[in-house]
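So the chains spell out like this:
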Amino acid sequence: MSQSSLDALLAQEQALQLPWFNHELAWQLGSRLRELALQQGAAVAMEVYGFGQVLFASALAGTAKANQEWVWRKRNGVLLHGHSSQYLALYNRSKGRVYETQPHVDASQYCAAGGSFPLIIRGSGLVGAVTVSGLTDEGDHQLVTEALAQVLEQLAGA
């Protein structure tokens, strides 16, 4: 794993920060995420989590309970570390280890697999996470970041 890949993920976390966040914006983000998933024919479970609660959740046809469990574990990792689950996975791979086997990690509660992204209010900090499960790590990560980028674009134009 190259340092440039890790740096690119960190830059993405900086670029995709929100000017503000509330329940309505969570719904807009979740709805955009669901629309993109439907357009792609992706069988995914998705969630927007903020302020200690699920603000949006949806599971498309073809998903199973396991997808929701992955969503929960990915989100927990993001909330614990403040980085995308894709970053956590690649960072640990770059160190020659598996995140879930670290002594301080309860693998039934946390995982490092792409698809969860921190919701950060610029200048304030972490308030939640947006998460998808059902595609590859890269596919889940791409779907989440595409939806977030589109919502940010809408906010900038408003």
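Our subject is the structure that appears above.
Residue numbers here run from 1 along each chain, matching the order of that chain's written sequence. Side-chain atom pairs in this predicted model are given and counted only at pLDDT of 80 or more, local residue features only at pLDDT of at least 70, and totals for whole chains, interfaces and linings cover all residues. Processing note: side-chain calculations cover all non-hydrogen atoms of the structure and skip hydrogens and water entirely.

Asker: Just to check I follow, could you spell out helix H5 (residues 137–157) for this structure?
Answerer: An α-helical turn contains 3.6 residues, so a residue and the one three or four places further along point in the same direction. Counting from the N terminus, the helices are the DSSP runs of H or I reaching at least four residues and the strands are the DSSP runs of E reaching at least two. A helix is expected to span 1.5 Å for every residue after the first. Here H5 spans 30 Å end to end across 21 residues, near enough to the 30 Å set by a 1.5 Å rise per residue. Relative accessibility decides the category of a residue: with a 1.4 Å probe and only protein chains considered, values under 20% of the type maximum give buried, values over 50% give exposed, and everything between is partly exposed. Listed in full, the buried residues belonging to H5 are Gly 139, Asp 140, His 141, Leu 143, Val 144, Thr 145, Ala 147, Leu 148, Val 151, Leu 152 and Leu 155. Between two residues, a contact is recorded if the distance between any of their heavy atoms is within 4.5 Å. Check the buried side of H5 and you find it contacts helix H1 (3–15), helix H2 (23–40), helix H3 (65–81), helix H4 (85–94), strand S3 (116–121) and strand S4 (125–133).

Asker: Any chance you could explain the pairing of strand S1 (residues 45–50) here in plain terms?
Answerer: Regular strands have side chains that alternate between both faces of the sheet. Buried residues dominate S1, accounting for six of its six residues. Side chains Ala 45, Glu 47 and Tyr 49 of S1 all project onto a buried face; the interleaved residues Met 46, Val 48 and Gly 50 project onto the opposite face, where all are buried too. Here the rule is simple: two strands pair whenever DSSP picks up at least two bridges between them. Sheet topology note: the S1/strand S2 (residues 53–59) ladder contains six bridges and is antiparallel. When the sheet's bridge partners are listed, Met 46 is paired in S2 with Ser 58. Turn length for the S1-S2 hairpin, with the two strands adjacent in sequence and antiparallel, is two residues, and the turn residue Phe 51 shows positive phi of about 55°. Across six bridges, the pairing between S1 and S4 is antiparallel. Each bridged residue has a counterpart across the sheet, and for Gly 50 the counterpart in S4 is Gly 128.

Asker: Help me understand the sheet that holds S3 in this model?
Answerer: As a general point, the strands of a sheet are linked pairwise by backbone hydrogen bonds and lie either parallel or antiparallel. Pairing is antiparallel in the open sheet, where four strands are placed in the order S2-S1-S4-S3. On the outer flanks of this sheet lie S2 and S3, each paired with one strand and no other. With strand direction ignored, the average angle separating the axes of adjacent strands in the sheet is 15°. In this analysis an axis means a line fitted to C-alpha atoms, helices contributing only their contacting stretch, and an angle means the value between N-to-C directions, from 0 to 180 degrees. Helix-sheet contacts for H5 involve S3 and S4, and the interaxial angle to S4 is about 130°.

Asker: What is the right way to read the packing of aromatic side chains from this model?
Answerer: The geometry of an aromatic ring pair is captured by two quantities: the separation of the ring centres and the angle between the planes. A pair of Phe, Tyr and Trp rings is counted when the ring centres sit within 6.5 Å of each other, with Trp represented by its six-membered ring. The angle between the planes then sorts it: under 30 degrees is stacked, over 60 is edge-to-face, the rest tilted. One pass over the structure, following the stated rule, counts three aromatic pairs. Summarising the aromatic geometry, the rings of Trp 27 and Phe 56 are spaced 5.0 Å apart at their centres and angled 70° between planes, so their arrangement reads as edge-to-face. Taken together, the residues span a long stretch of sequence, with Trp 27 in helix H2 and Phe 56 in strand S2 at a distance of 29 residues. Relative accessible area serves as the criterion here: at 4%, Phe 56 is assigned to the buried category. One residue, Arg 73, lies across the ring of Trp 70, its end atom 4.8 Å from the ring centre. Two limits define a charge over a ring: the Lys NZ or Arg CZ must be within 6 Å of the ring centre, and within 35 degrees of the ring normal. For the cation-ring pair, Arg 75 lies above Tyr 49, with the distance from its terminal atom to the ring centre recorded as 4.0 Å.

The values reported here are purely geometric and, on their own, carry no functional implication.
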